Amino acid sequence: MLSRILVMPSDTLANLYDLTRPALGALLAGWGFSAYHRDQLWTALYRRHATSFDELEGLKPELVRALRERARLSHLGVHHESFSSDGFTHKLLLRLDDGQTIETVLMRFKGRATVCISTQAGCAMGCVFCATGQMGLSRHLTPGEIVGQVLHVNRVLRDANESLRNVVLMGMGEPLHNYEHTMAAIDVLVDAMGLAMGPRFITLSTVGVVPGIRRLADEERPIHLAVSLHGATDAERAALVPVGRRWPLDELMDACRYYSEKRGRRIFFEWTLIAGRNDTAEHAHTLGQLLRGMDAHVNVIPLNPTVGYDGGPSRPESVRAFQDVLTSYAVPSTVRQRRGIDIDAGCGQLKADVERRARRSLPTSA
Ligand code: SAH
Ligand code: SF4
């Protein structure tokens, strides 16, 4: 397993947003409070949207006092934000307690807003075309920092009388490299007494961390799984996704089949289309042969160019031809445009742009 880098913010008071309901119960039990008090506090935080200990009316005063002394509610600050010209995409660079920044993207389609959230500050996986991969890993996010992104956009949406439907873990970082914190955050999001998000409206995207996929298959979380492939032979994949050397395709596809069988679920495969590198008919045939017969759906995403990579997006006719070949193998596919391309909405791009401009003391592109 990759070395674990876990840097918690230095504050030693427990951040309540880091805790699942059972973990909150254990903390409060240690202070002498019951499961009833835990559930009252939980509903205040996630149903009544209390944002400070001043807003906990109706809770036992002794509990509120104990919380003030021994706990905190940590909120993410807005470091920078921008809106796409079509108004649908709202990109946020949120600030964590230790000054790190992470990207969160809110996409607002009528009645079905989707948020794309980060699970790490940076990423250790080094995919060559990805702005986050080009930064390297700073640290894992805590569960509260993952949940905090959803709470932040929930507030934005509530002010506009809208609500959040989908959460995609496709922002900065590799969720299965930060397994426990990511799963704790998902458990908070789906908790029926709180935000009560439907697990089927949550999609986790992984670069293909095989042990994590197997572990997810063995656990009871009916979320959607997306696996980023980008190459259908080991050599071609490793040229784009270096961890392809660590978990070769035969091991990865075995883990995907195990997941499909165990969970009875379709897997989404992501394929960033890069002109001339992985977008020819031959590449599509190799992918079709790899996925033929599986319960699979391919999302093809034309590359969002990044400063650190010299590749460009595929032409629309290459995208169509690629899809036609997949169809001949009965493998369904959809083209996904990364929305808000005019505001660097590709993973990690806004952060890279803001940092570059800060170094040169220029205004940001928003
Ligand atoms: N680490 C996870 C989730 C975050 S990346 C993963 O790799 O799956 C989410 C998706 O965005 C991945 O499929 C990734 O390959 C894709 N992506 C990253 N940078 C991109 C870019 N510049 N253009 C198009 N897709 C990109
Ligand atoms: Fe990390 Fe995903 Fe970017 Fe690869 S594509 S570097 S795994 S965030």
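Residues numbered from 1 in each chain as written. Chains lettered and ligands numbered in written order. Predicted model: local features only at pLDDT ≥ 70, side-chain atom pairs only at ≥ 80, totals over all residues. Heavy atoms only, no water.

The protein chain appears in an unreviewed UniProt entry as Probable dual-specificity RNA methyltransferase RlmN from Pseudomyxococcus hansupus. We quote the UniProt Sequence similarities (unreviewed entry) comment for the protein chain here in full: "Belongs to the radical SAM superfamily. RlmN family." In UniProt, the protein chain has this text filed under Subcellular location (unreviewed entry): "Cytoplasm". (UniProt positions renumbered as here; feature names shortened; annotations may be inferred.)

As a further point, take the packing of helix H5 (residues 143-159) against helix H6 (residues 179-190). Closest axis-to-axis distance for the H5/H6 pair is 8 Å, and the angle between their directions is 40°. By the angle between their directions, the pair H5 and H6 is classed as oblique. H5 and H6 meet at a crossing whose hand is right-handed. In contact with Pro143, Ile146, Val147 and Val150 of H5, H6 contributes His181, Thr182, Ala184, Ala185, Val188 and Leu189. Residues belonging to the contact of H5 with H6 are distributed by class as follows: eight nonpolar, two polar and no charged. (Axes fitted to C-alpha atoms, helices over the stretch in contact; angles between N-to-C directions. Helix = DSSP H or I, 4+ residues; strand = E, 2+ residues; numbered from the N terminus. Parallel < 35°, antiparallel > 145°, perpendicular 65-115°, else oblique. Left-handed = near helix turned anticlockwise from the far one by under 90°. Contact = heavy atoms within 4.5 Å. Nonpolar A, V, L, I, M, F, W, Y, C, P; charged D, E, K, R; others polar.)

Under the defined criterion, the tally for this structure stands at zero disulfides. Cysteine Cys256 remains unbridged, with the sulfur of Cys127 as its closest cysteine sulfur at 15 Å. (Disulfide = S-S within 2.5 Å.)

Before going further, it helps to spend a moment on empty space enclosed by the protein. Summed over the entire model, instances satisfying the criterion amount to three cavities of 30 Å³ or more. Quantified by volume, the second largest cavity comes out at close to 80 Å³. Around the second largest cavity sit 11 residues that line it, and Asn15, Ser74, Asp97, Thr142 and Glu145 are the ones nearest its centre. (1 Å grid on protein atoms, 1.4 Å probe; cavity = no way out; pocket = protein on both sides within 12 Å on 5 of 7 lines; lining within 4 Å. Points joined across faces, edges and corners; volume = space filled by probe spheres on them.)

This part takes up the nonpolar core. Ranked by size, the top nonpolar core spans 99 residues in total, and within it Leu16, Val167, Phe269 and Leu291 carry the most contacts. There are two domains that each give this core at least three residues, and those are domain 1 (15-72) and domain 2 (77-343). Residue contacts for Phe269: discarding those within four places in its chain leaves Val227, Leu229, Met253, Cys256, Leu291, Met294, Ala296, His297, Val298 and Asn299. (Core = buried A, V, L, I, M, F, W, Y, C linked by side-chain atoms within 4.5 Å. Buried < 20%, exposed > 50% of the residue type's maximum accessible area, 1.4 Å probe, protein only. Domains from an automatic or database assignment.)

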